[in-house]
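Here are the chains, one letter per residue:
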Amino acid sequence: MEPRGLGDRLGGFVAVVVVVLVSTLVVNVSGNLVFPVSHKFNGREGASLSELKAHDHRRHARFLGATQNAVDMFLGGSGLQTGLYFTKLGIGNPSHDYYVQVDSGSNLFWVSCAECGKGCPDRSELKGVKLTLYDRNSSSTSKVVSCGDNFCTSPSIKEISDCKPDEKCNYHFEYEDKDKTSGYFVKDDVQFQKASGNFQTSFTSGSVIFGCGTQQSGNLNDPRAAVSGVIGFDQQNTTMLSQLAAAGKVRNKFAHCLDSTKQGGGIWAIGEVVEPKMKYTSPIVSNQSSYNIVVEKIEVGSDVIELPTSDGGVLDETSGSSSDQIIAVFDSGTTLAYLPPKLHEPIVKKILATEPGLKFKKIDNGMHPCFEYSKNIDEKFPIVKFTFKNSASLWVYPHDYLFWNDGAWCHGWMKSAGEDPDILLGDMTLSNKLVVYDLENQVLGWVDHNCSSSIKVKDDQSGSDYSVQYHNLASSDASNPRLLMSFVLLVTAAAAAMLQMISI
């Protein structure tokens, strides 16, 4: 996919920073535009391995075929099924708060609307989440998007719309797990918090097109994990990020730093990260909506794993053709890591062979073979090293891939269903690293980093660098802490004013 261009109506860009927190869902920011986002699992101890796998299975079915100031998002968790992260953001004028799932594997942004009635969930059992139906008639800035709008004629929207001239731009969207949402598109103000200095914020808003959902079905209506909608962050040009970037309001790049040592806290940033510098970069595979890069080597300790080819053979790394390439998908919305069967067996076998005589026990009704172990896991078990195009290396340490579960250690290397040849790297492998998704230059970058510390993002207009740090807010329910992410969007003073006046 080619990098999407930036609009020229604003002179500067916007940087967005998201900080993961452990706390209740309250708006508290450290940067420039703000979304409150919540994680549904209380870190690794908040759900069993079966629950983590169940979440991932549903998420994988839901993959679609297909600056200058900052934003602060809060993440908190409950361990149920419809998605790993959700955020709290304001929509409309006057603004009302909505809790929406954050999904890097899709592009659609939608919320349940007042017309939905019994076709949408009316309650959620997620702690602290209050469901709100969006009423466009109560917002002075809401506009219905017509079928003739450029947004409605974009390829990704035409695939899900049966639009007719002079009608509302509608959508009918079915996820691969058979959950469905339908409605029509509107444009309205979305409220953020912009960074006005180090750990200082103020409010601003931007006009964004999103779906007004009039009918939901399947698990989207399940009160155990119901939220008010979904916001997608993949590479397609209809996402909220892409809309803001096309208007010149944000840089078309984002980053996250997930801290596995503090129950899922960390930092998420949209915009230019200036510290720490990326140690490795690898090009994103073109013409894909997800974030895919090419794998060149996998090592378990000192042992190199043979890479299978698409026809079932072994890849000759000196002469492998493009059809033989092994692809890894970076997806922080997936919890564990998923390997094709021809890679899963040798990798897991090499890991367990480093410590002979392990005493195995069955966990979760015998579904997962785990083992008892009382020594330091980082001293005894090997590092798994992935090397990608451009000699970019990513290390996964034993404390990343081993989970303490019901009195035993379980590994998070799961076997992919069917014959899927791709590797899916979830936050198990991406934690404790700053990972940058640079859509402008079509590269992924990363560097090991203490995600409970801070990073610096750039204000392109003033040239100032703003520090954004990990937050650990006191939970209102200490017995059930929730993982929160603060999402801060950096904008220039001029852009902040223009965000109030200019429609995308």
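This one's a predicted model, so the numbers in the text were calculated from it and none came from an experiment.

(A) View of the overall build of the protein chain. Along the backbone of the protein chain there are eight helices and 32 strands. With 504 residues in all, the protein chain has 60% of them scored as buried. For the protein chain, the accessible surface area stands at approximately 19100 Å², while carbon and sulfur atoms represent 48% of it.

(B) Broad picture of the state of the cysteines. Taken as a whole and judged by the stated rule, the model has six disulfides. Between the sulfur atoms of Cys116 and its disulfide partner Cys120 the distance amounts to 1.7 Å. Judged by the sign of its S-S torsion, about 85°, the bond between Cys116 and Cys120 is right-handed. The class for Cys116 is buried, based on a relative accessible area of 6%. The residue that forms a disulfide with Cys257 is Cys451, at a sulfur-sulfur distance of 2.0 Å. Negative torsions about the S-S bond denote left-handed disulfides, and the value of about -80° found for Cys257 with Cys451 makes this one left-handed. One end of the pair, Cys257, is in strand 12 (residues 253–258); the other, Cys451, is in the loop between strand 29 (443–448) and strand 30 (454–458), and 194 residues separate them in sequence. We classify Cys451 as buried; its relative accessible area is 0%. Each bonded cysteine of the protein chain is numbered by sequence order, and under that numbering the disulfide pairs are 1-8, 2-3, 4-6, 5-7, 9-12, 10-11.

(C) Spatial organisation of the pattern of salt bridges. Tallying each qualifying case throughout the model produces eight salt bridges. We note a salt bridge from Asp438 to Lys253, for which the minimum N-O separation is 3.5 Å. With a gap of 185 residues between them, Asp438 in strand 28 (residues 433–438) and Lys253 in strand 12 connect regions that are remote in the sequence. Judged by its relative accessible area of 8%, Asp438 is buried. Sharing partners across several salt bridges, the network here consists of Arg251, Lys253, Glu272, Asp438 and Glu440.

(D) Layout of the side chain of Thr181. Take Thr181: it is sitting in strand 9 (residues 180–197). Only 2.5 Å separates the side chain of Thr181 from the side chain of Gln216, close enough to count as a polar contact.

(E) Region of interest: the sheet that holds strand 31 (residues 465–469). Across the sheet, three strands lie side by side as 14-30-31; this open sheet has antiparallel pairing. At either margin of the open sheet sits one strand with a lone partner, and together these are strand 14 (273–275) and strand 31. The average undirected angle you get between the axes of adjacent strands in this sheet is 40°. Where strand 14 lies against strand 30, two bridges are found, and the strand directions are antiparallel. Looking at strand 30, one finds that Val273 is bridged to Val457.

(F) Geometry of the pairing of strand 28. The buried fraction of strand 28 is high, at six of six residues. Of the pairings in the sheet, the one linking strand 12 to strand 28 comprises five bridges and is antiparallel in character. Bridge pairing in strand 28 places Lys253 opposite Asp438. Across six bridges, strand 28 lies against strand 29 in antiparallel orientation. Following the sheet pairing, Lys433 is matched in strand 29 by Asp448. What sits between the antiparallel neighbours strand 28 and strand 29 is a turn of four residues, in which Gln442 has the positive phi angle 55°.

(G) Summary view of the nonpolar core. If you look at the biggest cluster of nonpolar residues, it comprises 74 residues, and the most contacted ones within it are Phe330, Phe388 and Trp413. Here Phe388 is in contact with Ser282, Ile293, Val294, Val295, Glu296, Ala328, Phe330, Leu394, Leu425 and Trp446, once residues within four sequence places are set aside.

(H) Expanded view of the packing of aromatic side chains. This structure, assessed with the given rule, holds 22 aromatic pairs. Considering the side-chain rings of Phe254 and Tyr291, the 5.9 Å spacing of their centres and the 75° angle between planes classify their relative orientation as edge-to-face. Of this pair, Phe254 sits in strand 12 while Tyr291 sits in the loop between strand 15 (280–283) and strand 16 (292–300), placing them 37 residues apart in sequence. For the residue pair Phe254 and Tyr291, the accessibility class agrees, reading buried in each case.

(I) Main features of the environment of Asp448. Looking at where Asp448 falls in the secondary structure, it is placed in strand 29. With 170 residues separating them in the primary sequence, Asp448 and Met278 have C-alpha atoms 8.9 Å apart. Reaching out from Asp448, the side chain makes a polar contact with the side chain of Tyr397 at a distance of 3.3 Å.

(J) Layout of the environment of Leu358. By the secondary structure assignment, Leu358 is in the loop between helix 4 (341–353) and strand 20 (359–363). Sequence spacing of Leu358 and Glu372 is 14 residues, and the spatial spacing of their C-alpha atoms is 7.0 Å. Excluding residues that lie within four positions of it along the chain, Leu358 makes contacts with Leu352, Phe371, Glu372, Tyr373 and Phe381.

(K) How the structure looks around unusual backbone geometry. Of note, the amide linkage connecting Asn93 to Pro94 takes the cis form, showing an omega dihedral of 5°. Omega for the peptide link from Glu275 to Pro276 comes to 0°, which places this bond in the cis form. Inspection of the secondary structure assignment puts Pro276 in the loop between strand 14 and strand 15. Positive phi, normally seen in glycine, also occurs at Asn432, with a value near 60°. You can see Asn432 is positioned in the loop between helix 7 (427–430) and strand 28. Its identity as a non-glycine residue notwithstanding, Gln442 has a phi of 55°, on the positive side. If you trace the backbone, Gln442 turns up in the loop between strand 28 and strand 29.

(L) Representation of empty space enclosed by the protein. Counted as a void, the second largest cavity has a volume near 80 Å³. For the lining of the second largest cavity, the elements supplying multiple residues, two or more each, are strand 6 (109–112) and strand 11 (229–232). Of the residues contributing to the lining of the second largest cavity, the split by class is seven nonpolar, six polar and no charged.

About the criteria used
Residues numbered from 1 in each chain as written. Predicted model: local features only at pLDDT ≥ 70, side-chain atom pairs only at ≥ 80, totals over all residues. Heavy atoms only, no water. Helix = DSSP H or I, 4+ residues; strand = E, 2+ residues; numbered from the N terminus. Buried < 20%, exposed > 50% of the residue type's maximum accessible area, 1.4 Å probe, protein only. Areas by Shrake-Rupley, 256 points an atom, 1.4 Å probe, with all protein chains shown as cover. Disulfide = S-S within 2.5 Å. Salt bridge = Lys/Arg side-chain N within 4 Å of Asp/Glu carboxyl O. Polar contact = N/O pair within 3.5 Å; in protein donor to acceptor, adjacent residues only side chain to side chain. Pairing = 2+ DSSP bridges. Axes fitted to C-alpha atoms, helices over the stretch in contact; angles between N-to-C directions. Core = buried A, V, L, I, M, F, W, Y, C linked by side-chain atoms within 4.5 Å. Contact = heavy atoms within 4.5 Å. Phe/Tyr/Trp six-rings, centres within 6.5 Å; stacked < 30°, edge-to-face > 60°. 1 Å grid on protein atoms, 1.4 Å probe; cavity = no way out; pocket = protein on both sides within 12 Å on 5 of 7 lines; lining within 4 Å. Points joined across faces, edges and corners; volume = space filled by probe spheres on them. Nonpolar A, V, L, I, M, F, W, Y, C, P; charged D, E, K, R; others polar.

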